[in-house]
There are 2 protein chains.
Amino acid sequence: MTETAITSRDNPIFKRLKKLAESARARREARMTLLDSEHLLTAYLDAGGQPHTLVRAASFDAGKLAALAARCQQTKAIVLPDALFAELSPVATPSGVLAEAAWLNPPVIDATPLVIVLEDIQDPGNLGAMLRTGAAAGATLAVLSKGCHDPWSPKALRGGQGAQFVLPLQGGVDVAAWLNAFAGLSVALALAEDSDFYALDLGGSLALVAGNEGAGLTAAVCEAAKVRAHIPMTGRIESLNASAALAVAVFEAVRQRRT
Amino acid sequence: MTETAITSRDNPIFKRLKKLAESARARREARMTLLDSEHLLTAYLDAGGQPHTLVRAASFDAGKLAALAARCQQTKAIVLPDALFAELSPVATPSGVLAEAAWLNPPVIDATPLVIVLEDIQDPGNLGAMLRTGAAAGATLAVLSKGCHDPWSPKALRGGQGAQFVLPLQGGVDVAAWLNAFAGLSVALALAEDSDFYALDLGGSLALVAGNEGAGLTAAVCEAAKVRAHIPMTGRIESLNASAALAVAVFEAVRQRRT
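Values in this document were obtained by computation on a predicted structure and should not be read as measured data. (Residues numbered from 1 in each chain as written. Chains lettered and ligands numbered in written order. Predicted model: local features only at pLDDT ≥ 70, side-chain atom pairs only at ≥ 80, totals over all residues. Heavy atoms only, no water.)

Caption draft 1: Structural context of the domain arrangement of chain A. Residue and element names in this part refer to chain A. Per the domain assignment, the segments making up chain A are domain 1 (3-102) and domain 2 (114-258). The C-alpha-based centres of domain 1 and domain 2 are spaced at 31 Å. With 14 residues of domain 1 at the contact, the number on the domain 2 side is eleven residues. Counting the surface lost from both domain 1 and domain 2, the interface buries some 1,100 Å², and carbon and sulfur atoms represent 69% of this. When residues of domain 1 are sorted by the area they lose upon contact with domain 2, Arg27, Leu40 and Pro90 head the list and together hold 38% of the total. (Domains from an automatic or database assignment. Contact = heavy atoms within 4.5 Å. Buried area = accessible area lost by both parts, 1.4 Å probe.)

Next up, the structure:
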């Protein structure tokens, strides 16, 4: 793979990458994103993706990248001075490897529906973690409200650790309308609400609905779910963060389904 | 409550607060910290704490703080220009309210031991979230390795949402030695290891051991636990973040104990 060195901020490729790093709209219009780190690039390739451009920071050893680069076909390779590379990286200590890559459309998962429905999750790390939890639990679909952070942002991808490549996503959804149309059991995860979560039969077609960190679920979404349930807490504080609550709930469904 | 206005960075009170904001060592030596936001201050008061100093940003409405201020006895109140206040706040958009407060020693929890053992959790938000999960689940103790982030840092307190005020903590612990001395069942949470987590009887005295985000548990700690177990994942990626894995595990113990 022959590398092209780019040293100017005015280079059109650099400008295009910078837009993808910074603008959700640019990512949406191009249906592209930037993958940060060898780990994410590996997960992308494992999921059948082929990056468009492979970007190396000058100080990153090209030899260390050879095995991954060999898996990239028809991929343009560029090398950037560290200062320019850092402008594209979502983290303070850049990994040294980025890839410009198209969004993937993971194949539909043929199993009893287990849907995670996320309303207005605004923190990219939390959103990524929730998608990762869903993917690890074998969720068949993630439904994201219009108010959610962009799941294809570099920070959300970092939190997801490859979840976005394997878990089918529907973004920009009117969640209340989606729940009204869903034929299975939908459960709004709320505090101190109607049902004890552990008393529910989670073996059938299921959607678990989790809300925003601060505000929780909106009333409209809470009411659109068939059931509102809380995870019983026995401790001295009565709250779990949204990400922890979703993990407990979705793995309780996994547990019930395997016994 | 009479407020003292401080306008200089050279003021000794400001310098003391700034050290608490920035230095784990200063916090440890004084056994003090800074509580950021009305929410944390409320949780601290609810847990029986009395802050030493109440700090308001000049632009924050003093009237809004009156009810909380009335609960603070023998507390010195100061007001800072917004620029100085921002230097003390752990977040980019400061809440406008801080309190200088001593670490609390929550009373021992008289119940079957349910201990969360955390090895080298370095991200303050993750550490706070894991303590919050433990507190919500009714954990009786949190044991933190020497390599963990300071649980009393402003960012860890933010993640904990009051957990540090109600959950007894032991910091700076040699985890392997602690596990060797623990008489109950200790379970190292690991990937694809010996036991299926759901097959364990979690009803007795229990310690759940979770490791660092990136590296997982060290071999020494893994071997010091009586059992190594994994949470079965049915999805297309084989990993949960440390915080999600702990949440699933500790609430499975809660579920087993209540049935």
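Next comes the rest of the account.
Caption draft 2: Expanded view of the state of the cysteines. Residue and element names in this part refer to chain A. Counted by the stated rule, this structure contains zero disulfides over all chains. Here Cys222 is not cross-linked by a disulfide; its sulfur's nearest cysteine counterpart is in Cys148, at 16 Å. Relative accessible area serves as the criterion here: at 12%, Cys222 is assigned to the buried category. (Disulfide = S-S within 2.5 Å. Buried < 20%, exposed > 50% of the residue type's maximum accessible area, 1.4 Å probe, protein only.)

Caption draft 3: Structural view of the packing of aromatic side chains. Here the structure, examined in full by the defined rule, presents ten aromatic pairs over all chains. An angle of 15° between the planes, with centres 5.0 Å apart, marks the rings of Trp178 of chain A and Phe182 of chain A as stacked. Summarising the burial analysis for this pair, Trp178 of chain A and Phe182 of chain A share the class buried. Centre to centre, the rings of Trp103 of chain B and Trp152 of chain B are 5.6 Å apart; their planes meet at 5°, and the pair counts as stacked. Of the two residues, Trp103 of chain B is situated in the loop between strand S5 (97-102) and strand S6 (114-118) and Trp152 of chain B in the loop between strand S7 (141-145) and helix H7 (154-160); the sequence distance between them amounts to 49 residues. Classification of Trp103 of chain B by relative accessible area gives buried; the value is 16%. An aromatic cluster is present here, built from Tyr44, Trp103, Trp152 and Phe165 of chain A joined pairwise through their rings. (Phe/Tyr/Trp six-rings, centres within 6.5 Å; stacked < 30°, edge-to-face > 60°. Helix = DSSP H or I, 4+ residues; strand = E, 2+ residues; numbered from the N terminus.)

Caption draft 4: Main features of helix H6 (residues 124-136) of chain A. Residues and elements named next belong to chain A. The end-to-end C-alpha distance of H6, which contains 13 residues, comes to 18 Å, matching closely the 18 Å that a straight helix rising 1.5 Å per residue would cover. The element H6 is extensively covered by neighbouring structure, given that twelve of its 13 residues are classed as buried. Buried within H6 are the following residues: Pro124, Asn126, Leu127, Gly128, Ala129, Met130, Leu131, Arg132, Thr133, Gly134, Ala135 and Ala136. A distance of 3.1 Å separates the backbone nitrogen of Gly125 from a side-chain oxygen at the start of H6, and that oxygen is part of Asp123. (Expected span 1.5 Å × (residues − 1). Polar contact = N/O pair within 3.5 Å; in protein donor to acceptor, adjacent residues only side chain to side chain.)

Caption draft 5: Summary view of the environment of Phe85 of chain B. Residue and element names in this part refer to chain B. Here Phe85 shows up in helix H5 (residues 82-88). What makes Phe85 buried here is its relative accessible area of 1%. Sequence separation of Phe85 and Leu98 is 13 residues, and the distance between their C-alpha atoms is 8.6 Å. Once residues lying within four places of it in the same chain are set aside, the contact partners of Phe85 are Val55, Arg56, Ala57, Leu80, Pro94, Gly96, Val97 and Leu98.

Caption draft 6: A look at the interface of chain B and chain A. If you look at the interface, chain B gives 36 residues, while chain A gives 36 residues. Of the roughly 2,900 Å² buried at the junction of chain B and chain A (both faces included), carbon and sulfur atoms supply 58%. Together, Arg132, Arg236 and Ile237 of chain B form the three largest contributors to the area buried by chain B at its contact with chain A, with a combined 23%. Here Asp196 of chain B and Arg258 of chain A are joined by a salt bridge, their closest N and O atoms 2.6 Å apart. Of all the secondary-structure elements, those providing two or more residues to the side of chain B that touches chain A are helix H6 (124-136), helix H8 (163-166) and helix H11 (242-258) of chain B. Per-element accounting of the side of chain B that touches chain A gives the leading share, eight residues, to H11 of chain B. In the side of chain B that touches chain A, the residues fall into 21 nonpolar, nine polar and six charged. (Salt bridge = Lys/Arg side-chain N within 4 Å of Asp/Glu carboxyl O. Nonpolar A, V, L, I, M, F, W, Y, C, P; charged D, E, K, R; others polar.)

Caption draft 7: Highlighting the sheet that holds strand S2 (residues 32-36) of chain B. All names here are of chain B. Across the sheet, which stays open at both edges, the five strands sit in the order S1-S4-S3-S5-S2 with mixed pairing between neighbours. This sheet does not close on itself; its edge strands, each paired only once, are strand S1 (3-5) and S2. Sheet twist, expressed as the mean angle between neighbouring strand axes with direction ignored, is 25°. In the sheet, strand S3 (residues 53-57) pairs with S5 via four bridges, with the strands oriented antiparallel. Of the residues in S5, the one forming a bridge with Leu54 is Ala99. Against the sheet, helix H1 (residues 12-22) makes contact with S2, S3, strand S4 (76-80) and S5, and its axis sits at roughly 85° relative to S2, the strand it touches most. (Pairing = 2+ DSSP bridges. Axes fitted to C-alpha atoms, helices over the stretch in contact; angles between N-to-C directions.)

Caption draft 8: Structural detail: unusual backbone geometry. The backbone of Arg31 of chain A sits at a positive phi, close to 50°, despite the residue not being glycine. Tracing the sequence through the fold places Arg31 of chain A in the loop between helix H2 (24-30) and strand S2 (32-36). Owing to a relative accessible area of 43%, Arg31 of chain A belongs among the partly exposed residues under this scheme. Unusually for a residue other than glycine, Gln161 of chain B sits at a positive phi of about 50°. Of the residues examined, Gln161 of chain B reaches a relative accessible area of 27% and is grouped as partly exposed.

Caption draft 9: Just the sheet that holds strand S10 (residues 195-196) of chain A, in detail. All names here are of chain A. An order of S8-S7-S6-S11-S9-S12-S10 is seen for the seven strands of this open sheet, with the pairing classed as parallel. The sheet is open, and its two borders are formed by strand S8 (169-173) and S10, each paired with just one other strand. The sheet contact formed by strand S6 (residues 114-118) and strand S11 (residues 206-210) spans five bridges and is parallel. From the neighbouring strand, Val115 faces S11, where its bridge partner is Ala207.

Caption draft 10: Looking closely at the nonpolar core. The biggest cluster of nonpolar side chains holds 126 residues, and the ones touching the most others in it are Leu118 and Phe251 of chain A together with Leu118 and Phe251 of chain B. Not counting the four nearest positions on each side in its chain, Phe251 of chain B is found in contact with Tyr198, Ile231, Pro232, Met233, Leu240 and Val248 of chain A together with Thr133, Ala136 and Ala137 of chain B. (Core = buried A, V, L, I, M, F, W, Y, C linked by side-chain atoms within 4.5 Å.)

Caption draft 11: Just the relation of the copies chain B and chain A, in detail. Mapping chain B onto chain A calls for a screw motion: a turn of 180° about the axis and a shift of 0.0 Å along it, with 0.0 Å RMSD after fitting. In symmetry terms, the pair is related by a two-fold rotation axis. Across chain B, the smallest distance between a C-alpha and the rotation axis is recorded for Val248 of chain B, namely 2.3 Å. Taken as a fraction of all interface residues of chain B, those also at the interface in chain A reach 100%, which identifies the copy contact as same-surface. (Least-squares fit on C-alpha atoms with pLDDT ≥ 70 in both.)

Caption draft 12: Focus on the packing of H6 of chain A against helix H11 (residues 242-258) of chain A. Residue and element names in this part refer to chain A. Close contact between H6 and H11 brings their axes to 9 Å; oriented N to C, the two are set at 10°. Classified by the angle their axes make, H6 and H11 are roughly parallel. Within the contact between the two elements, H6 uses Ala129, Met130, Thr133 and Ala136 and H11 uses Ala242, Ser243, Leu246, Ala247, Val250 and Phe251. Here the residues of the contact of H6 with H11 are counted per class, giving eight nonpolar, two polar and no charged. (Parallel < 35°, antiparallel > 145°, perpendicular 65-115°, else oblique.)

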